[in-house]
Amino acid sequence: MRFKSYKLGSLLLLGVTLFAASCFKDLDTSPLSPNETTAATAFDNPDAYKQVLAKLYGGFATSGQQGPAGQPDIQGIDEGFSNYLRQYWKAQELTTDEAVIAWNDGTIQDFHQQDWDANSEFITAMYNRIFYQIAACNEYIRETADAKLDSRGVSGALRSDIEKFRAEARFIRALCYWHALDMFRSVPFVTEADAVGSFFPRQAPAEEVFNYVESELKAIENLLVPARQNEYGRADQAAAWMVLAKLYLNAETYIGRDRYSDCITYCNKVISAGYTLESNYAKMFMADNNTANGIIWSINFDGKRTQTYGGTTFLCHAAVGGSMAPGNFGLDGGWGGTRTTKALVQKFPATGGNVVVTPNPGATHPVIYAPGSYQGWDPASANQLSSKNNDNTYEGYIYFADAGSKFKFTLGPNWDNNFGDNGGDGTLEAGGADIAVADAGFYKVNADLNALTYTIEKTTWAIIGDATPGGWGSETPMTYEPAEGAWTITVNLSAAQFKFRANNAWTLNYGDSGADALLDRDGDNIAIPSSGTYKIKLFLKKPDYTYSIERPLFDKRAMFYTAGQSLEIGDISQFTEGYAVTKFTNKRSDGTNGSDLAFVDTDFPVFRIEDAYLMYAEAVRRGGSGGDIATAVSLVNQIRERAYGSAIANVSANELTLDFILDERAREFYWEGHRRTDLVRFGKFSDGNYVWPWKGGVAAGVTRPAFYNVFPIPNSDIGANPNLQQNTGY
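Residues numbered from 1 in each chain as written. Predicted model: local features only at pLDDT ≥ 70, side-chain atom pairs only at ≥ 80, totals over all residues. Heavy atoms only, no water.

Asks: Quick question: what am I supposed to make of the overall build of the protein chain here?
Replies: The secondary structure content of the protein chain amounts to 18 helices and 29 strands. When the backbone C-alpha atoms are referred to their principal axes, the protein chain occupies close to 110 × 50 × 50 Å. Expressed as a percentage of the 730 residues in the protein chain, the buried residues total 57%. Within the protein chain, contacts between residues at least 6 apart in sequence are counted, and of these 67% link residues at least 24 apart. Between the centroid of the 63 positive side chains of the protein chain and the centroid of its 85 negative side chains there is a distance of 5 Å. (Helix = DSSP H or I, 4+ residues; strand = E, 2+ residues; numbered from the N terminus. Buried < 20%, exposed > 50% of the residue type's maximum accessible area, 1.4 Å probe, protein only. Contact = heavy atoms within 4.5 Å. Lys, Arg positive; Asp, Glu negative; His and termini not counted. Charge placed at Lys NZ, Arg CZ, Asp CG, Glu CD.)

This is the structure we're talking about:
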């Protein structure tokens, strides 16, 4: 069941105003009109308790009372930008290696440049959203206290339900205080115990906020519905356990205390609750992800009922642009905004898979040697040229890494009989001078010992054919990899044919006339059996030229759109620079569209079982007790087996390092709002030794001062509340 958000109207008039968080002004006012609904009368309707709870949940998804715009919850920023999830995502993702945005609205570019200050309207909006939610929860908790319920004569099943509702409101408040702790550390602190009225909240230190979140979640643990038993989208015990696990995993960052053993304890509770991995990774981010396995708690959206320009409507639309067809994502258009950096893309290496063609070692032919400066002038280990026709004419390929490299020919693996070129005219003389190449590169070398002549030709290689992206009219370049001694390419091919071609011309091309993996000049086309992604290698350093074709296994979590997109980002404002991310879509898993093309149905998975797996592994690696490395390896490998479709990419205990876990978290959770917190915990967010494209506003990336690990308290609140002190560095 979807837990839908309801239009609240003025059900929370008391206790919640549109405010900068510390300006609790006029909270004890009466309604101006006798027709206004207040907390004093709203709960005369028994349904109101659940409806107001829905507003608390809806505070993460919607931006006001009307949707998608009009009657906003907070002021000081365009309502389309003000959505809680949209602001949280930007703060957690645009500040990291996982996302950039093309737009130049206000101070939005400060996020990726890590040069924000206390006047940022986006940081202010996030801060105000957090404390709006906290104030709304406080008021609901007041209105559902035992004394209030007694005064209204609430009893029986309704009272039992309200007790669960109240626990959920306390969960939402604890979650918001955790967000406040994670982003701002020391923050204004108000609960339902504070009298309603005009006052300046005190600022609680980080440790007090930490202890409060911990104590609240433990206090409601047994009041919440058991794990997996609540309505979809409502918090249960497992949701509370996840926040506790995250609190403990980051405790050393927040308050300087090791709580990894406690993290393991609560991860174990979640893992033992019966969640299963969703077999289709992509389904967890589709319009019907309410039916996906493994989602512990989500922020829910419905294209007809929760219309907003934030949330997953933002995540889906902003990620579409360039040559992307919006209809392929169940959308009426793209906003051309968000992409990722190569730092994330490069965390998804391919691994071995199905070999279609294996290199043929070839036959034995007469050879000569070509020792030179490129390999230390050692004839025995030098590249060889072969005479396939045994006619004293030889051919081969040599890679010269440096311009001006020199070489000679020897008849054997020694210097007894060697030839050079005294005049640089293409003729060979016994004991002659070294032969030089002008430029670095990959050269075809021929030697005719009958005529005592030689030729050298620099080559670059490509594939061409109707199997390739360019067809027979445009070749697709390959890349030479010196360590492997091969030209390589990973490319999407069709079920058709191709050949290898040099220098963008048909003068020098190779095919396979015998279908034996041995290449022949002007040989037959090479067949690709079925459409898919292939890795092709061309080996020309052996006396018989050969090749391989493999269908590598890819991490299915790498959901990038590359057509017309460059991997490198020269200009963040250009959507086509940086790969687009196709993770969130308004398509259902059966290929149909969501209920509305403008506003999406896709829910946002806040907590998934995979996070418990990876938190467990990290806490074990950090020395927490109550877990073991064998279990950690097994949990991580379950995630990787789904990603690759087999155990081929499984890791061992020795490979399960902290750095690996950080990268695995990026592969599993990119664009899900975890990355800033993860990088801060690992000491790689601002300072440290990790940079990414355009970090700090520099193309190659630079480190930033450590105080950027925490956001500033907005100046608007510092000026309004004399009890507040600004975070260090701001």
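Asks: In this structure, what is going on with the side chain of T602? I would like to understand it.
Replies: By the secondary structure assignment, T602 is in the loop between β28 (580-581) and β29 (604-608). Side-chain polar atoms of T602 contact the backbone oxygen of T585, separated by 2.6 Å. (Polar contact = N/O pair within 3.5 Å; in protein donor to acceptor, adjacent residues only side chain to side chain.)

Asks: Is there a simple way to explain the packing of helix α2 (residues 48-61) against helix α7 (residues 156-184) in this structure?
Replies: Each pair of packed helices can be described by the angle between their axes along with the distance between the axes. It is the contact of α2 with α7, at a shortest axis distance of 10 Å, that shows an interaxial angle of 20°. The angle between the axes of α2 and α7 places the two elements in the roughly parallel class. In the packing of α2 onto α7, the handedness of the crossing is left-handed. Judged by residue contacts, Y49, K50, L53, L56, Y57 and F60 of α2 engage I162, F165, E168, A169, I172, L175 and C176 from α7. Of the residues belonging to the contact of α2 with α7, the class tally is 11 nonpolar, no polar and two charged. (Axes fitted to C-alpha atoms, helices over the stretch in contact; angles between N-to-C directions. Parallel < 35°, antiparallel > 145°, perpendicular 65-115°, else oblique. Left-handed = near helix turned anticlockwise from the far one by under 90°. Nonpolar A, V, L, I, M, F, W, Y, C, P; charged D, E, K, R; others polar.)

Asks: What is the right way to look at the sheet that holds strand β20 (residues 486-493) in this model?
Replies: In a beta sheet, neighbouring strands are held together by backbone hydrogen bonds and run either parallel or antiparallel to one another. Strands sit in the order β6-β26-β25-β20-β19 across an open sheet of five strands; the sheet is antiparallel. Pairing within the sheet leaves two strands with one partner each, and these edge strands are β6 (351-357) and β19 (479-481). Shown here is a sheet whose adjacent strand axes are inclined to one another by a mean of 35°, direction ignored. Taken together, the three bridges between β19 and β20 define a ladder with antiparallel strand orientation. (Pairing = 2+ DSSP bridges.)

Asks: What is the right way to read the side chain of R173 from this model?
Replies: Summarising the element assignment, R173 is placed in helix α7. For R173, a relative accessible area of 1% gives the class buried. Here the side chain of R173 touches E192 through a polar contact of 2.5 Å, side chain to side chain. With near-sequence residues (within four places) excluded, R173 lies in contact with I134, C137, N138, I141, T191, E192, Y212 and E216.

Asks: When you look at helix α16 (residues 658-669) in this model, what are you seeing that I'm missing?
Replies: End to end, α16 covers 16 Å across 12 residues, agreeing with the expected 16 Å (1.5 Å per residue, within 8%). The buried fraction of α16 amounts to nine of the 12 residues, a majority that puts the element mostly inside the structure. Within the span of α16, buried status applies to F660, I661, L662, E664, R665, A666, R667, E668 and F669. Looking one or two residues beyond α16, the residue adopting positive phi is W671, at roughly 70°. (Expected span 1.5 Å × (residues − 1).)

Asks: Hey, could you run me through the environment of A319 in this one?
Replies: Considering the arrangement of structural elements, one finds A319 in the loop between α12 (311-318) and β5 (338-339). For the pair A319 and S595, spaced 276 residues apart in the sequence, the C-alpha separation amounts to 19 Å. Each residue touching A319, except ones within four places of it in the same chain, is listed here: F314, M324, T338, F575, A580, V581 and W671.

Asks: What's the story with the pattern of salt bridges in this structure? I'm lost.
Replies: If charged atoms from side chains of opposite charge come close, those side chains can pair. Enumeration over the complete set of coordinates arrives at 46 salt bridges. The residue K269 makes a salt bridge to E221 at a minimum N-O spacing of 3.3 Å. Linking K269 in helix α11 (residues 260-271) with E221 in the loop between α8 (206-220) and α9 (237-249), this pair joins segments that are 48 residues apart in sequence. A relative accessible area of 30% means that K269 is categorised as partly exposed. For D555, the salt bridge is made with R557, and the minimal N-O distance between the two is 2.7 Å. In terms of burial, D555 and R557 fall into one category: buried. (Salt bridge = Lys/Arg side-chain N within 4 Å of Asp/Glu carboxyl O.)

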